[in-house]
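Okay, here's what each chain looks like letter by letter:
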Amino acid sequence: MELRQLRYFVTVVEEANFTRAAARLHLAQPGLSAQIRQLEHELGQQLLDRGGRSVTLTEVGAAVLPHARAALAATERITSTVDEFTGLLRGHVRVGCISGAGDEEFDISSVLADFHDDHPQVGISLTEDTSERMLAAVRSGELDIALVGLTGAEIGADIGIDVVLDTPVVAAVALGGKRASITLEQLREHPLICLPRGTGIRGVFDRACAAAGFEPDIAFEAAAPPLLLRLAARGLGIAVVPALTAEEAAAFGVRVLPITEPELHGQLALAWRRDRPGSPAAKVLLGQLRIGLGGR
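The structure contained in this document is the topic of the report that follows. A quick note: this is a predicted structure, and the numbers were derived from the prediction, not measured.

The rules we used
Residues numbered from 1 in each chain as written. Predicted model: local features only at pLDDT ≥ 70, side-chain atom pairs only at ≥ 80, totals over all residues. Heavy atoms only, no water. Helix = DSSP H or I, 4+ residues; strand = E, 2+ residues; numbered from the N terminus. Buried < 20%, exposed > 50% of the residue type's maximum accessible area, 1.4 Å probe, protein only. Contact = heavy atoms within 4.5 Å. Areas by Shrake-Rupley, 256 points an atom, 1.4 Å probe, with all protein chains shown as cover. Lys, Arg positive; Asp, Glu negative; His and termini not counted. Charge placed at Lys NZ, Arg CZ, Asp CG, Glu CD. Core = buried A, V, L, I, M, F, W, Y, C linked by side-chain atoms within 4.5 Å. Salt bridge = Lys/Arg side-chain N within 4 Å of Asp/Glu carboxyl O. Polar contact = N/O pair within 3.5 Å; in protein donor to acceptor, adjacent residues only side chain to side chain.

With that settled, the discussion passes to the overall build of the protein. For the protein, the helix and strand inventory stands at eleven helices and twelve strands. Over its C-alpha atoms, taken along the principal directions, the protein stretches across nearly 75 × 45 × 35 Å. Counting across all 296 residues of the protein, residues that qualify as buried make up 41%. For the protein, the share of sequence-separated contacts (at least 6 apart) that also reach a separation of at least 24 residues comes to 75%. Total accessible area computed for the protein in this model is approximately 15,600 Å², and 53% of it derives from carbon and sulfur atoms. Of the charged side chains in the protein, 28 are positive and 37 negative; the average position of the first set lies 4 Å away from that of the second.

Core analysis: the biggest nonpolar cluster contains 33 residues, and Val93, Leu147, Leu270 and Leu285 have the highest contact counts within it. Of all elements in the fold, only β3 (91-97), α5 (108-118), α6 (131-140), β5 (145-150), β6 (159-174), β12 (265-273) and α11 (280-292) reach the threshold of two or more residues within this core. Among residues more than four places away in sequence, those in contact with Val93 are Val122, Gly123, Ile124, Ser125, Asp144, Ile145, Ala281, Ala282 and Leu285. Grouped together as the second largest cluster of nonpolar side chains are 32 residues, Val173, Val204, Cys209 and Ile259 included.

Glancing now at the pattern of salt bridges. Overall, the coordinates contain 14 salt bridges when judged by the stated rule. Salt-bridge contacts for Glu221 lead to Arg202; the nearest nitrogen and oxygen are separated by 2.6 Å. One end of the pair, Glu221, is in strand β9 (residues 218-221); the other, Arg202, is in helix α8 (residues 200-212), and 19 residues separate them in sequence. The exposure class of Glu221 is partly exposed, given its relative accessible area of 46%. Classification of Arg202 as buried rests on a relative accessible area of 4%. Salt bridges linked by common partners bring Glu14, Glu15, Arg20, Arg24 and Arg69 together as one network.

Attention shifts here to unusual backbone geometry. Along the chain, Glu261 connects to Pro262 via a cis peptide bond; the corresponding omega equals 5°. Mapping Pro262 onto the fold places it in the loop between β11 (254-260) and β12. Its identity is not glycine, yet Ala16 carries a phi of approximately 55°, on the positive side. Within the fold, Ala16 resides in the loop between α1 (3-15) and α2 (18-25). Positive phi, close to 50°, is recorded for Glu261, a residue that is not glycine. Turning to its location among the elements, Glu261 is positioned in the loop between β11 and β12.

In this section: the side chain of Asp158. With respect to the helices and strands, the residue Asp158 is situated in the loop between β5 and β6. One polar contact links Asp158 to Arg139, side chain to side chain, over a distance of 2.8 Å. Once residues within four sequence positions are removed from consideration, Asp158 is found in contact with Arg139, Trp272, Arg273, Arg274 and Asp275.

Given below as C-alpha cells:
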C-alpha cells in the first residue's frame, strides 16, 4: 500500500467518478483504475462500488476512508513541520474570492503577485464563487483561504474570520424623485434588483426581510454590482448594493438612498480553517492578504 494509492482513493470518493478524479490528479483514467484495483487487491476487499451511475463506497470503503484521510493529513503535517524548520515554502495555496472584489480597493492580484515573486516554488490558484459555496470549500479543505461576504449567520468555531471591510447596504434608484431614504418595510412595495443568493449582501438583506416578516420581490439578479446599478438607472427596480460615493452613483445615473429601520451592513472577510494546521505557505499568504487588504 502506498500513500499515492490512498490519495487516489480519496480523490475518487470526493469526485464520485473516475474520469473527474483522473482529470483532477492529471492521470490517465486506466492508470487510476488500475491503482485502485491494486489497492483493493492488497487489502483483500472491494472499497468502491462501480455499478451505478456514480462511484460509491462499499461498507469496507466507508470504514477505510477516514483512516486514509488521516494518513494523508499526517503526511502533510510532517512535510509542513520540516518546511517550517528549513524556512522553505513550497506546495500549492488555493484562494477563493467573491466576484467583483478584486478591484483597486482590494487589489488581490498585487498581493498574489508579490507572494509569487517572494516564493516562486509555491503554486497559487484563484477562483471566484459565491460566499456560501466558498465557506463550504474552506470547511471541506478545497480552499485554503477565501475572501467572502458575511451574511450574519453563525459560521462556527472551525472557521477563522478577519473582517477587512464593513459597509452600509443602500438602495440605488433612478434619478428623479425627492425621497431621501427608504425603510426596509417600504422596499417590499417595489421590484428589487439584487445580488444572487449565496452572496453576503443578499444574505444580509434576505435575513432582514425574513425578520421583518416578508419575502422581497426580486425582479433581477446579477453577480456584478455595476449591472445592478445600470438596471436601476433604467427604472427597472431598486438595486440593493454596497454603499456608493456620490461620484460613483452619478457615473451610473442613480441616486443612493440609505436603508433605515433597520440599517443594514455588509462585511467582507478573509476566512480560513482555524481548527487544523494549514501549510506554511498558506499561513504566510494569509498574513500578507491581511496586511494588503487592511484586515485587523
